[in-house]
Structures are given as C-alpha cells and as structure tokens.
Amino acid sequence: MKYMSGNELREKFLKFFEERGHLRLPSASLIPQDDPTLLLIGAGMAPFKPFFTGKMKPPSPRVTTCQKCIRTGDVENVGKTARHGTFFEMLGNFSFGDYFKNEAIEWAWEFFTKVIKLPVEKLYVSIYQDDDEAFDIWHNKIGLPEDRIFRMGKEDNFWEHGVGPCGPCSEIYYDKGEEYGCGKPGCTVGCDCDRYMEVWNLVFTQFCKEEDGSYSNLDHPNIDTGMGLERLATVMQGVNSIFDVDTVKAIRDKVCEISGKKYGEEHKYDVSIRVITDHVRSVTFMTSDGVMPSNEGRGYVLRRLIRRAARHGRLLGIQGSFLAKLSAEVIEGSRAGYPELEDK
Ligand code: SER
C-alpha cells in the first residue's frame with residue numbers, strides 16, 4: 001500500500017465520486033440548521049436530512065462531502081485510549097432517491113481495491129441480518145466468499161441519528177492483523193478488540209424514525225455512506241492510532257514541543273497529550289463555525305472541551321496560555337480542506 005496523507009486521501013475520495021456524477025459540496029457548519037434533535041453535527045448525512053425525506057430538493061441527486069463531525073458521547077474516554085476522539089472528518093457519498101445498493105457497494109469496493117489498493121484479503125463486510133439483497137451483491141456481484149460476509153442485528157447494522165432518515169447498513173472492515181487481536185476463541189468481525197476495524201459504513205436509508213419512535217417508509221430509497229478520514233488514514237499510513245495520523249500528529253508534536261514532554265514515554269502524560277490534541281481540533285472548528293463558550297447547549301460543550309484541554313495543559317506543566325498556539329497548528333494543517341478556518 002502506498003502512504004497517503006490525510007489531505008491526499010480526502011481529495012482522492014471526493015474526486016472519485018465527482019467522476020461518478022456526484023456534486024462536491026463543502027462541509028456544512030457544525031451547528032445544525034433547523035434540527036433541534038441535534039446539538040452538533042456528528043455524521044456526514046445529518047445536514048442532508050431534508051433531502052432524504054423529500055422535504056427539500058437537493059442541488060443534485062448525487063452529492064459527496066467531507067464533513068467535519070463532533071461526537072462527545074465518549075468524551076471521558078478521550079486520552080485514556082489511543083482510539084477515542086471527539087473530532088473527526090467523515091467522507092461520504094449520498095444518493096437522494098437516485099442510485100441504491102448496487103452502486104453504493106460496487107463503488108465502495110472499487111475505491112478500496114482499485115483506487116487506494118487495499119489488499120482484498122484484508123477486507124470483510126457485515127450486513128443487516130435480513131438483508132439478502134446486500135448479501136447477493138457482495139457475494140454474487142463482488143465475489144466475496146460467504147465466510148467473509150457477517151450478518152448482524154439492529155444494534156450493529158441499523159443506522160439512525162436522532163429522528164429522521166435511517167436504515168439498515170453494510171459495513172466494510174479492515175483486518176489489522178493477528179497481533180491486534182484479543183486471541184480469544186471466536187475472535188472475528190464484530191469482536192470488541194482492535195483487530196477488525198470498521199472503516200466504511202454504507203447505509204441504505206429507506207425509513208424515517210418518527211418522534212414517537214415508530215418507523216415509516218421514505219418516499220424513495222437513498223444512500224448515505226460514511227467513512228472516518230482519520231481511521232482510513234491509519235490504514236494508509238500504517239500507524240496504530242488516529243493520534244499518529246499526519247494532520248493529527250502535527251498537533252500532538254506541537255503539544256509536546258510546548259510542554260517539553262515526549263509522547264510514548266509515560267502513560268499519564270500521553271493521556272494529557274491526547275486530550276489536548278483532540279480537544280483543540282474540536283474547539284478550533286467549533287469556534288470557526290461561530291459557537292461561543294456558554295453555560296448551556298453547544299456553548300457548554302465548547303466550554304467543557306476548552307476547560308478539559310486547559311486543565312490537561314497544567315497537568316503537563318505548561319504555564320500560561322497555550323491553546324491559541326495549538327489552534328494555529330490546526331488551521332495550518334486543515335485549511336486546505338476547510339478554508340473557513342482561516343477566513344474566520
Ligand atoms: N450515517 C452513517 C454513519 O455516520 C454513514 O454515513 O456512520
């Protein structure tokens with residue numbers, strides 16, 4: 001596999017889908033528009049809910065984006081592990097009543113095996129338990145052997161995010177190798193350990209979750225795919241964690257430079273270095289989208305992230321203010337994909 005930088009991967013993905021008739025749109029703001037069910041945008045599809053439901057007409061029936069996302073549900077684990085983070089970029093291709101499962105699966109496979117050339121023998125997929133149509137495409141059209149296709153239940157293979165469009169999904173997994181496995185008998189796709197990593201989620205958006213928890217059929221079936229750029233970059237860069245990926249590592253290195261601490265020498269310092277590295281990305285992107293620290297809602301999320309990052313700075317022995325210097329590093333590393341960082 002050829003090394004690819006995060007910025008290169010983003011461009012390759014967007015270009016691939018542009019060549020297949022998709023309109024490339026810039027990332028939407030992290031602040032949801034007209035969606036009181038969400039505090040922050042946490043998925044590539046979130047800004048497009050009205051296009052899936054048919055409430056609004058999309059600018060094109062095929063769209064591709066790299067969406068800035070924040071998920072803070074696991075914030076307490078950030079830093080403690082090398083895989084949790086609050087900020088990530090999500091690559092996606094979307095069909096609003098246009099193509100469906102066939103193209104979504106075929107293109108995902110083509111991008112993985114022909115464009116970025118992931119080794120076929122490292123790839124596995126999961127499908128929703130009753131989705132024989134997805135099974136048929138993976139098995140008969142793509143030619144994936146049956147023992148590489150795993151059927152899973154609603155918890156794993158049904159995607160929903162607040163109310164609105166949702167549906168069964170099929171995920172592509174990358175086998176990082178035996179050395180990442182837990183070694184337990186039966187360790188395979190779906191195991192909690194680090195060996196089989198979900199990389200790309202293909203959602204077949206055909207239902208709408210209502211306020212009362214019931215599901216209705218959408219007027220037309222859609223496609224929503226999502227792939228974490230940093231996660232994919234760990235594969236393409238042959239590194240173990242998102243904190244080792246080029247754009248993220250540049251921030252991590254700056255934290256080390258400012259604090260005079262080395263990464264990988266002492267666990268408690270690594271925790272703090274990771275917390276700051278992750279949080280300063282969220283904080284910088286949120287601020288550029290106009291979120292201000294406050295006592296409630298998303299402003300409180302921002303305030304909490306700033307305070308956590310500042311506190312971990314003290315734990316590393318940093319005196320005085322330092323987060324602004326790190327923000328400059330975030331802007332430098334990501335302005336190619338997000339010009340708003342520099343503008344605002
Ligand atoms: N909405 C799905 C996800 O976030 C696929 O884009 O995983």
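Below, the structure is looked at part by part. (Residues numbered from 1 in each chain as written. Predicted model: local features only at pLDDT ≥ 70, side-chain atom pairs only at ≥ 80, totals over all residues. Heavy atoms only, no water.)

## So, the site of the ligand
Heads up, the condition is: Residues are classed as near a molecule or strand on a simple rule: at least one heavy atom within 4 Å of it. Under this definition, polar contacts are N or O atom pairs within 3.5 Å; protein pairs additionally need one hydrogen-donor-capable and one acceptor-capable atom, and for neighbouring residues in sequence, both atoms have to be side-chain atoms. The accessible surface values rely on the Shrake-Rupley method and a 1.4 Å probe; as for residues, cover is taken only from the protein chains in view. Each helix is a run of DSSP H or I of at least 4 residues and each strand a run of E of at least 2, with the numbering of both proceeding from the N terminus. Put simply, Ala, Val, Leu, Ile, Met, Phe, Trp, Tyr, Cys and Pro go in the nonpolar bin, Asp, Glu, Lys and Arg in the charged bin, and everything else, Gly too, in the polar bin.
Around the ligand, the structure places A43, M45, R71, M90, W159, N201, V203, D224, T225 and G226. Separating an oxygen atom of the ligand from a side-chain N or O atom of D224 is a distance of 2.6 Å. Starting from 230 Å² of accessible surface for the ligand in isolation, the protein chains cover 96%. Those elements that place two or more of their residues in the shell around the ligand are β8 (196-209) and β9 (215-228). Here the shell around the ligand gets 3 residues from one element, more than from any other, and that element is β9. The residue inventory of the shell around the ligand, partitioned by class, reads 5 nonpolar, 3 polar and 2 charged.

## Structural notes on the packing of aromatic side chains
Note the cut-off: Pairing of aromatic rings covers Phe, Tyr and Trp, the last through its six-membered ring, and needs centres within 6.5 Å; plane angles under 30 degrees mean stacked, over 60 mean edge-to-face, and all others mean tilted. The rule is simple: take the accessible area with a 1.4 Å probe, protein chains only, and divide by the maximum for that residue type; under 20% is buried, over 50% is exposed, in between is partly exposed.
The full count for this structure, using the stated rule, is 26 aromatic pairs. Look at F52 and F94: their rings are 6.4 Å apart centre to centre, the planes differ by 65 degrees, and that puts the pair in the edge-to-face class. Residue F52 is found in helix α2 (residues 49-53), and its partner F94 is found in strand β3 (residues 87-95); the two are separated by 42 residues along the sequence. Both residues of the pair, F52 and F94, belong to the buried class. Taken together, a centroid distance of 6.4 Å and an interplanar angle of 50 degrees make the contact between Y124 and F150 tilted. Of this pair, Y124 sits in strand β4 (residues 123-128) while F150 is found in strand β5 (residues 149-152), placing the two residues 26 residues apart along the sequence. Taking the relative accessible area as the measure of exposure, Y124 reaches 14% and is therefore buried. Taking the relative accessible area as the measure of exposure, F150 reaches 18% and is therefore buried.

## Notes on the side chain of H312
Short version of the rule: We call two residues in contact when some of their heavy atoms are within 4.5 Å.
By the element assignment, H312 lies in helix α9 (residues 297-315). We classify H312 as buried; its relative accessible area is 8%. With residues near it in sequence (within four places) discarded, H312 still touches V271, S272, V275 and I276.

## Section: the pairing of strand β7 (residues 164-175)
Applied cut-off: Two strands qualify as a pair provided DSSP detects at least 2 bridges between them.
Of all 12 residues that make up β7, 12 are buried, and the element is covered over most of its length. Relative to β7, strand β6 (residues 158-159) runs antiparallel, the two being bridged by 2 bridges. When the bridges of β7 are listed, F158 appears paired with P168. Remark: 4 residues form the turn of the hairpin made by β6 and β7, two consecutive strands paired antiparallel; G162 in that turn has positive phi of roughly 70 degrees. As judged from the 10 bridges shared by β7 and β8, these two strands associate in the antiparallel manner. The residue of β8 that forms the bridge with C166 is F207.

Nothing here speaks to function; it is geometry throughout.
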